[in-house]
Amino acid sequence: MAKGFFITFEGGEGTGKSTQTRLLADFFEKQGYSCVLTREPGGSEGAEEIRNLVVKGAVGRWDAMTEALLMFAARRDHLVHTIWKALDEGKTVICDRFADSTMAYQGFGYADKGLGQQAVQTLYDTVVGNFKPDLTIIMDMPVEKGLERALKRDASSNRYERMGLDFHRNLRRAFLTIAEQDPVRCAVVDATGDIETIQNDIQNIVRKRLLEKGGK
Ligand code: TMP
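My aim in this report is to walk through the structure given alongside it, one point at a time. (Residues numbered from 1 in each chain as written. Predicted model: local features only at pLDDT ≥ 70, side-chain atom pairs only at ≥ 80, totals over all residues. Heavy atoms only, no water.)

Moving on: the packing of helix α1 (residues 17-30) against helix α8 (residues 195-209). Where α1 meets α8, the closest approach of the two axes is 10 Å, and the angle between their N-to-C directions is 50°. The angle between the axes of α1 and α8 places the two elements in the oblique class. Note on packing geometry: the crossing formed by α1 with α8 is right-handed. Only Ile195, Ile198, Gln199, Ile202, Gln203, Val206 and Arg207 of α8 make contact with α1, whose side of the interface consists of Thr19, Gln20, Leu23, Leu24, Phe27 and Phe28. Among the residues making up the contact of α1 with α8, the classes are represented as eight nonpolar, four polar and one charged. (Axes fitted to C-alpha atoms, helices over the stretch in contact; angles between N-to-C directions. Helix = DSSP H or I, 4+ residues; strand = E, 2+ residues; numbered from the N terminus. Parallel < 35°, antiparallel > 145°, perpendicular 65-115°, else oblique. Left-handed = near helix turned anticlockwise from the far one by under 90°. Contact = heavy atoms within 4.5 Å. Nonpolar A, V, L, I, M, F, W, Y, C, P; charged D, E, K, R; others polar.)

Next up on the list: the packing of aromatic side chains. Throughout the structure, instances matching the rule amount to 11 aromatic pairs. Their ring planes at 80° and their centres at 5.8 Å tell us that phenylalanine 27 and phenylalanine 28 sit as a pair that is edge-to-face. Of the residues examined, phenylalanine 27 reaches a relative accessible area of 8% and is grouped as buried. For the pair phenylalanine 28 and tyrosine 33, a centre-to-centre distance of 5.2 Å together with 90° between the ring planes defines the contact as edge-to-face. Of the two residues examined, phenylalanine 28 and tyrosine 33, each falls in the buried class. Members of the aromatic cluster, connected to one another through ring pairs, are Tyr105, Tyr110, Tyr160, Phe167 and Phe175. Across the ring face of phenylalanine 72, the terminal group of arginine 75 is positioned such that the distance to the ring centre comes to 4.7 Å. Above the face of the tyrosine 160 ring, arginine 159 is positioned so that its terminal group lies 5.1 Å from the ring centre. (Phe/Tyr/Trp six-rings, centres within 6.5 Å; stacked < 30°, edge-to-face > 60°. Buried < 20%, exposed > 50% of the residue type's maximum accessible area, 1.4 Å probe, protein only. Lys NZ or Arg CZ within 6 Å of the ring centre and 35° of its normal.)

Just geometry here; none of it tells us what the structure is for.
See below:
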């Protein structure tokens, strides 16, 4: 059986992550990989309960540190009950958001009220340890376009979609900085095109960086 990979998708609101993760999971299944499609915050019973706490309610409900701790609590539960288990069974795991979202949202989204890089990294080292994705796809598009799409899809909007343009501009900058700092793990994909073109770009990256290297 082929060894599985851990692939994460990151980016701002409305950048098409869910659609592209689904299509990539189909692609992996066709290649003979057994694939688990999951998301954060969530992806396990406990983490889905925590998700409700962070995505619903008033915008200012949590400060950045409380929010980051909730995200990492959810992440730990997700790793233990879903991600590590599936990888141990040789499955490929595709995850809609992971720790780069905590770095972008709680680290940098709130500008001077954010935690910054070092604090989020310290939490990561404690909770996740040396484990990291084999590949992270960062979906990039102008924030106005992404927000418009997100709000069209979901009229009731989650807390983060209501956070204002400056917050979302900080996020976009943060994701691009993360990609610059770790170019071996991360690849930025232009998310403004049509669904098939974007999926093609993603599959080319996956072939080059993971499949042609013959697995781990
Ligand atoms: P989703 O709508 O993309 O599924 O994600 C729910 C929201 O949670 C999204 O607006 C981004 C936010 N989020 C964080 O703020 N920090 C995190 O670590 C993660 C995983 C998500």
